[in-house]
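Each chain, letter by letter, is given below.
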Amino acid sequence: MIPLSLYLCETLVSLRLYFVALPSFESLSLPNLKVMHMEENLYADDEVLQKLISSCTVLESLTVVRNVDETVKVLRVRSKTLNSLKLVLDSSKSWYNDDSDDWEVLVDAPRLNYLSLEDDQSASFVISNVASSAKVEIDVSFNVNDIWDMDESIEKFSAVGKMLDGLSIARDMTISGTTLKIISHYMSFELVPCFPNMIRLQTKLYTTDMLPNFLESFPNLQSLVLKLEGVRYSDTMWFSFVPKCLQTSLEYVEMTRPNCGAGIQMIRKLVKYLLENSLVLKKFTLRLECDGKEQESNVVKELMGFRRCSSSCVINVVRLEDDVCIFQHPY
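Below or above, wherever it landed, is the structure these notes cover. (Residues numbered from 1 in each chain as written. Predicted model: local features only at pLDDT ≥ 70, side-chain atom pairs only at ≥ 80, totals over all residues. Heavy atoms only, no water.)

A few words on the overall build of the chain. For the chain, the count of helices and strands is seven helices and 18 strands. In terms of principal-axis extent, the alpha carbons of the chain reach across some 70 × 40 × 35 Å. Here the chain holds 331 residues, and the buried ones make up 49% of them. Total accessible area on the chain stands at roughly 15,400 Å², and carbon and sulfur atoms take up 48% of it. (Helix = DSSP H or I, 4+ residues; strand = E, 2+ residues; numbered from the N terminus. Buried < 20%, exposed > 50% of the residue type's maximum accessible area, 1.4 Å probe, protein only. Areas by Shrake-Rupley, 256 points an atom, 1.4 Å probe, with all protein chains shown as cover.)

Laid out in structure tokens, this is it:
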């Protein structure tokens, strides 16, 4: 149990608390606290953490790491000064499983330039405010147990839509493969909101058939980073639709595929689609893990046979294991 005097420390600038108990308080004065890191603590109730955050009037950086054994199920972060926020909730570290949808995250921080969410427990994420230049990293599962066998719950769809709406002003986004798979299921019933400020997108793909429609929500995208691993795909869609960003703004593409021998057909179709439909592409980098020089040579020959829609595009093939460029065109 921390002493109540900690809540009244006017000279404190940085605070890190790990595995302690925080009691309720009636008064708080931390006028100079700029950095707060709270990890696996126990709070008297939900309001202790909420009031602690909102009462720090110059707070700039906040990290909160929770587990399911804690008492705070609804995490509210409200701050007019916060510019960096990282929230982590990993249910695998807890003593028991909580399958309820009672866990929520609510963020209202209009100056937020960096947001990281790593959460496999919370069912809802409401992002009311972030800065228009924000960078966001999202790895959440909305308390879904099996991303390959999701139900059609209205509540789940509503939660996905609310999170996407809240993030739609961001400029740079990294999405985990789990989150993107859930979004792809959502796209079967609802449209993804437009992300007009987004210039960089990074994600892991488990399926490829949703990619063109997903990219249509990023009309000004300039940089696309894809990691393909364990991909399941449909071969019916690549020539049916071209999103706006491929025609007007996409300049850089980086694609990583471990163990290309297991999915060379998928790589061929995806690379061909991107090269043949990206009008202003400047650089295309393909990172591969191939089984020997013969397979590397075959990949290069394939690339040479693809038409490039952008005549100024430079193609690089990089060996993944040692980060060595084995091919560049034009030289």
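With that settled, the discussion passes to the side chain of Glu276. Along the chain, Glu276 turns up in helix α6 (residues 264-277). Owing to a relative accessible area of 16%, Glu276 belongs among the buried residues under this scheme. The residues touching Glu276, leaving out its near neighbours within four places in the chain, are Arg307 and Cys309. (Contact = heavy atoms within 4.5 Å.)

A word on the environment of Leu52. Examined against the element boundaries, Leu52 turns out to sit in helix α1 (residues 46-54). Taking the C-alpha atoms as reference points, Leu52 and Pro212, 160 residues apart in sequence, are found 44 Å from one another. For Leu52, the residues in contact, after removing those within four places along its chain, are Tyr7, Leu22, Phe25, Leu28, Leu30, Met36 and Met38.

Right, let's get into the pattern of salt bridges. Between side chains of opposite charge, pairing is possible as soon as their charged atoms come close. Applying the stated rule across the entire model yields 12 salt bridges. Here Lys73 makes a salt bridge to Asp102, at a shortest N to O gap of 3.9 Å. In this pair, Lys73 is assigned in the loop between β5 (61-66) and β6 (74-78) and Asp102 in the loop between β7 (84-89) and β8 (104-108), connecting sequence segments 29 residues apart. Using a relative accessible area of 25% as the deciding quantity, one classes Lys73 as partly exposed. The partly exposed category is assigned to Asp102, whose relative accessible area is 43%. For Glu276, the salt bridge is made with Lys272, and the minimal N-O distance between the two is 3.2 Å. Of this pair, Glu276 and Lys272 both sit in helix α6, four residues apart, roughly one helical turn. The exposure class of Lys272 is partly exposed, given its relative accessible area of 26%. One connected set of salt bridges, linked through shared partners, spans Glu254, Arg287 and Asp323. (Salt bridge = Lys/Arg side-chain N within 4 Å of Asp/Glu carboxyl O.)

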